[in-house]
Amino acid sequence: MSDSTAFFIKKFRENTDTPEEPGQWYRPRPYRNAVVRFRDCSIYDFEERRDILINEAGLNAFLFRADKIPGCDLLSDSGTPTMTMDQWAAMMLGDEAYGSNEGYFELRSQFAETFGAGWCEKDNTSGGSSESLFLFHQGRAAENAFFSILARQLAAAGGGSSAPPSDGLMPELKSRIESKLNSNGHADDLPLWIIPSNSHFDTTQGNIEDKRMIPLNLPCREHLENDELYPFRGNMDVEELDNLLEHEKDRVPLVYLTITNNTGGGQPVSISNIREIRNVARKHGVPFFFDACRFAENAWFIKKREDEFWDSSIRQIVHEMFRYADGFHISLKKDGLVNMGGALVIRRDGDFSKKFPHFKEGITDHQIMAEGHPTYGGLPGRDLKAIAEGLRTVVRDEYLDARIGQVVRFGTQLYEAGIPVIRPVGGHAVYIDLDRFFDGTAGDDEFKGISITALLLIAGHRVCELGLYAFGSFDGEKEIPPEPRVNCVRAAVPRLAYEDQDLFSVVEAMKVLADNRDRIPAVNVEYGRDLRLRHFKSRFSFSG
Ligand SMILES: Cc1ncc(COP(=O)(O)O)c(C=O)c1O
């Protein structure tokens, strides 16, 4: 008997397989809204927002009231995801016992499941679980603890030399280290410790500098190219790393890799690069760590762009990525899909554990004094349940297709509107390249990123300047731009929170700014120009 529906199934399938252009919808989202939140303010309250911006927030997006944003709040994708019903349901079953609660053991098993069996193996038999998984209330708390203990243990070991950087370094690399030393006010008699990365995130950079170490970014050369041709612009420059370790390995306690590379535009890192870094690090006997905030998004890019992995599952790719690391820290507010949480994980038999055998004791003591027992790290037991559930969801292909597909559609829409975005678009955010945005306009454009964020707030949307102000510094007389140069405004997309039409309204507001870019006023810095982490604290006024 012939099946009269077969024709239509074929047609529907063809439709569903068609690549979508912005505005075309063949595939529904793999979830539906179960709860929504109505806004208490209107897009038409332009004057009210201008007053709040100028009088309360001092033009600083971080200081602007979130409840007065009627459009998209794209300040950060961190801690802003919509949680799933499974996560909310899991929270109801939270165990609030003090230390070693049920959620901890579930989470530990889930870490082994998500990242691979070598990490936090299932071992429910002892309370000695703090051996490899240390929980924190968020990523930067883990970073802070990590670098505090590292600095203390390096100092206790009595090593380190304050001699200037070696002459064997590539000249450009050497001068980058020297300029970091000068801008950090590094005293001549302090031992010099260098922490290389593809690009450190701002809090990581802040934590490293706070311990008088030098955060050194070694992004790959393609990092500066703005072209679809380069699928892994988040990679590290392995040649520079090799040269650094060849001449300075005794002053490099570990090598870092941020996946995806947030500061570098949310760009992914390839497995080939991870393997090469691992080989170079091992050749010189230096441990290798990830800042693993967006590990699942990174794995999705590997699946799509690295031939070897086209038919691997996201879980398999994540396992492969993490096979090469000696440890990682993670803000679970990103690919943990929760509002709060962080962790530090140290491989029991890894190079880091061997090099710093007393590190885990140090970190445990730090946690007990600052965060609580390592088995809850400042988090309620119910949050641990939500994290475990989030780590299960985040590696689902359909979640990542929807998540990254939305960010790419947003970026494409901006690009097609003539707004220069960093391409290919990264996983969690769209970065607008300000040097190209203002190319050809007259006048002082030093902090026009701040002006753009301020004007967009009046339009009803919030983004974040990550450029000359966030990453530059002021030495009392002149501005020192970030090295390598970064000059962007970032629109970070919270997970599962907005629909495309919300994001496309940001594009329309950006078009107004682009069409009138000659009229965008510069800003004066009223407070905080010489402070560290100044973009979180400064206040500005429009100069015209
Ligand atoms: C790459 C990276 N590392 C570290 C952090 C810090 O994590 P948290 O916000 O949980 O402190 C962030 C936050 O945005 C990040 O993107």
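Worth saying up front: this structure is predicted, and the values here are computed from it rather than measured. Per chain, residues are indexed from 1 in the order of the written sequence. Restriction of local features to residues with pLDDT of at least 70 applies here, the model being predicted, together with a cutoff of 80 or more for giving and counting side-chain atom pairs; totals for whole chains, interfaces and linings are based on all residues. Side-chain metrics rest on all non-hydrogen atoms present in the structure, leaving aside hydrogens and water.

(A) Structural context of the site of the ligand. We call a residue near a molecule or strand as soon as one heavy atom of that residue lies within 4 Å of the molecule or strand. In the vicinity of the ligand, 15 residues are found, and the nearest of them are Gln138, Arg140, Asp291, Ser331 and Lys334. Residues adjacent in sequence count toward polar contacts only when both atoms are side-chain atoms; beyond that, a polar contact is any pair of N or O atoms within 3.5 Å, and within protein one must be able to donate a hydrogen and the other to accept it. Contacts to the ligand include arginine 294, whose side-chain N or O atom sits 3.0 Å from an oxygen atom. With residues, only the protein chains shown are counted as cover, and all accessible areas are computed by Shrake-Rupley using a 1.4 Å probe. For the ligand, whose unbound accessible area comes to 390 Å², protein coverage reaches 98%. Each cavity reported here is a set of points on a 1 Å grid over the protein atoms alone in which a 1.4 Å probe fits but cannot get out, each pocket an open set with protein on both sides within 12 Å along at least five of seven lines, and each lining residue one with an atom within 4 Å of a point. Just a note on the criterion: a molecule sits in a pocket or cavity if more than half of its atoms are within 2 Å of the grid points. Put simply, the ligand lies in the largest cavity. The biggest single contributor to the shell around the ligand is helix α5 (residues 139-157), with three residues. Following the grouping adopted for this structure description, the nonpolar residues are Ala, Val, Leu, Ile, Met, Phe, Trp, Tyr, Cys and Pro, the charged ones are Asp, Glu, Lys and Arg, and the polar ones are all others, Gly among them. The class makeup of the residues in the shell around the ligand is two nonpolar, seven polar and six charged. Strands are runs of DSSP state E lasting at least 2 residues, helices are runs of H or I lasting at least 4, and numbering of each runs from the N terminus.

(B) Empty space enclosed by the protein, seen in detail. Grid points are joined across faces, edges and corners, and a volume is the space filled by probe spheres set on the points. Counted under the stated rule, the structure contains two cavities of 30 Å³ or more. Counted as a void, the largest cavity has a volume near 150 Å³. Lining the largest cavity are 19 residues, and of these Glu143, Phe201, Cys293, Ser331 and Lys334 lie nearest its centre. Split by residue class, the lining of the largest cavity holds four nonpolar, nine polar and six charged. One number sums up the size of the second largest cavity: a volume of about 100 Å³. As for the second largest cavity, its lining consists of Leu59, Asn60, Ala61, Phe62, Ile450, Thr453, Val463, Cys464, Glu465, Tyr469, His535 and Phe540. Counting residues per element, the ones that place at least two in the lining of the second largest cavity are α17 (448-459) and β9 (464-466).

(C) Main features of the pairing of strand β7 (residues 342-346). Under the scheme applied here, a residue whose accessible area is under 20% of the maximum for its type counts as buried, over 50% as exposed, and between as partly exposed, the area being computed with a 1.4 Å probe on protein chains only. In terms of burial, β7 is a largely internal element, five of the five residues being buried. The criterion for strand pairing is that DSSP finds at least two bridges linking the strands in question. Summarising the sheet, strand β1 (residues 133-136) and β7 pair through four bridges and their orientation is antiparallel. Within the sheet, the bridge partner assigned to leucine 133 lies in β7 and is valine 345. Two elements, strand β6 (residues 327-331) and β7, share five bridges in a ladder whose sense is antiparallel. Of the residues in β7, the one forming a bridge with isoleucine 330 is alanine 343.

(D) Structural context of the layout of surface pockets. A volume near 1800 Å³ is recorded for the largest pocket. Sorting elements by how many residues they give to the lining of the largest pocket places helix α3 (residues 85-92) first, with three residues. Taken together, the residues of the lining of the largest pocket break down into 19 nonpolar, 10 polar and 14 charged. Considered as a void within the structure, the second largest pocket measures approximately 950 Å³ in volume. Glu20, Asp401, Gly405, Gln406 and Arg409 are, among the 38 residues lining the second largest pocket, the residues nearest its centre. Among the elements of the structure, α10 (295-305), α15 (397-416) and α19 (500-515) are those that each provide at least two residues to the lining of the second largest pocket. Sorting elements by how many residues they give to the lining of the second largest pocket places α15 first, with 14 residues. Across the lining of the second largest pocket, the residue classes break down as 17 nonpolar, five polar and 16 charged. For the domains described, the bounds stem from an automatic or database domain assignment. Both domains that meet at the lining of the second largest pocket, namely domain 1 (29-77 + 397-542) and domain 2 (135-158 + 169-393), each give it at least three residues.

(E) Seen up close, the environment of arginine 396. Mapped onto the fold, arginine 396 is located in the loop between α14 (381-393) and α15. Residues arginine 396 and arginine 315 lie 81 residues apart in sequence; the distance between their C-alpha atoms is 8.3 Å. Reaching out from arginine 396, the side chain makes a polar contact with the side chain of glutamate 398 at a distance of 2.7 Å.

(F) Expanded view of the sheet that holds β9. With respect to topology, three strands assemble into an open sheet ordered β8-β12-β9, the strand pairing being antiparallel. With partners counted over all chains shown, the strands left at the sheet margins are β8 (429-433) and β9, one partner each. In this sheet, adjacent strand axes meet at a mean angle of 35 degrees when their direction is disregarded. Two elements, β8 and strand β12 (residues 488-492), share five bridges in a ladder whose sense is antiparallel. Across the sheet, residue alanine 429 finds its bridge partner in β12, namely alanine 492. What makes two residues a contact is simply this: any of their non-hydrogen atoms within 4.5 Å. Lines are fitted to the C-alpha atoms to define the axes, a helix being fitted only along its stretch in contact, and any angle between axes, read from their N-to-C directions, falls within 0 to 180 degrees. Where α17 meets the sheet, its contacts fall on β9 and β12, and the angle it forms with β9 comes to roughly 165 degrees.

(G) View of the packing of α5 against helix α13 (residues 359-370). Relative to each other, α5 and α13 sit at 130 degrees, their axes nearing to 10 Å. One finds that α5 runs oblique with respect to α13. Helix-helix and strand crossings are classified by hand; for α5 and α13 the assignment is right-handed. Where α5 abuts α13, its residues Asn144, Ala145, Phe146, Ser148, Ile149, Leu150 and Gln153 lie against Phe359, Gly362, Ile363 and His366. By definition in this entry, angles of less than 35 degrees are roughly parallel, angles greater than 145 are roughly antiparallel, angles of 65 to 115 are roughly perpendicular, and the rest are oblique. For any helix crossing, the convention is left-handed if the near helix is rotated counterclockwise from the far helix by under a right angle, and right-handed if that rotation is clockwise.

(H) Quick look at helix α2 (residues 46-56). Along α2, the residues classified as buried are Arg49, Ile52 and Leu53. All buried residues of α2 project into a common sector of 95 degrees when viewed along the axis, lining one side. Where α2 is buried, its residues touch α17 and β14 (539-542). After α2 finishes, the residue glycine 58 shows a positive phi value of roughly 55 degrees. Arc definition: directions from the helix axis to the C-beta atoms.

(I) Main features of the pattern of salt bridges. The working definition used for a salt bridge is a side-chain nitrogen of Lys or Arg within 4 Å of a carboxyl oxygen of Asp or Glu. A full pass over the atoms with the stated rule returns 44 salt bridges. Its salt-bridge partner being arginine 29, residue glutamate 499 comes within 3.7 Å of it at the nearest N-O pair. Linking glutamate 499 in the loop between β12 and α19 with arginine 29 in the loop between α1 (6-17) and α2, this pair joins segments that are 470 residues apart in sequence. In this structure, the salt-bridge partner of aspartate 67 is arginine 65, at a minimum N-O distance of 2.7 Å. Residue classification places aspartate 67 among the partly exposed positions, given a relative accessible area of 42%. Where salt bridges share partners, they join Asp77, Arg294, Glu297, Asp335, Arg403 and Arg495 into one cluster.

(J) Just α3, in detail. Burial in α3 covers these residues: Gln87, Ala90 and Met91. Projected down its long axis, α3 shows its buried positions confined to an angular sector of 105 degrees, all on one face. Opposite the buried face of α3, at more than 90 degrees from it, the exposed residues are Met85 and Met92. For α3, the elements touching its buried residues are α14.

(K) The arrangement of the packing of α10 against α15 in detail. Two elements in contact, α10 and α15, have axes whose closest approach is 10 Å; the angle formed by their N-to-C orientations is 90 degrees. The orientation of α10 with respect to α15, classified from their angle, is roughly perpendicular. Along its contact with α10, which presents Ala296, Glu297, Trp300, Phe301, Lys303 and Lys304, the element α15 presents Asp397, Leu400, Asp401, Arg403 and Ile404. In terms of residue class, the contact of α10 with α15 is made up of five nonpolar, no polar and six charged.

These figures capture arrangement, not role.
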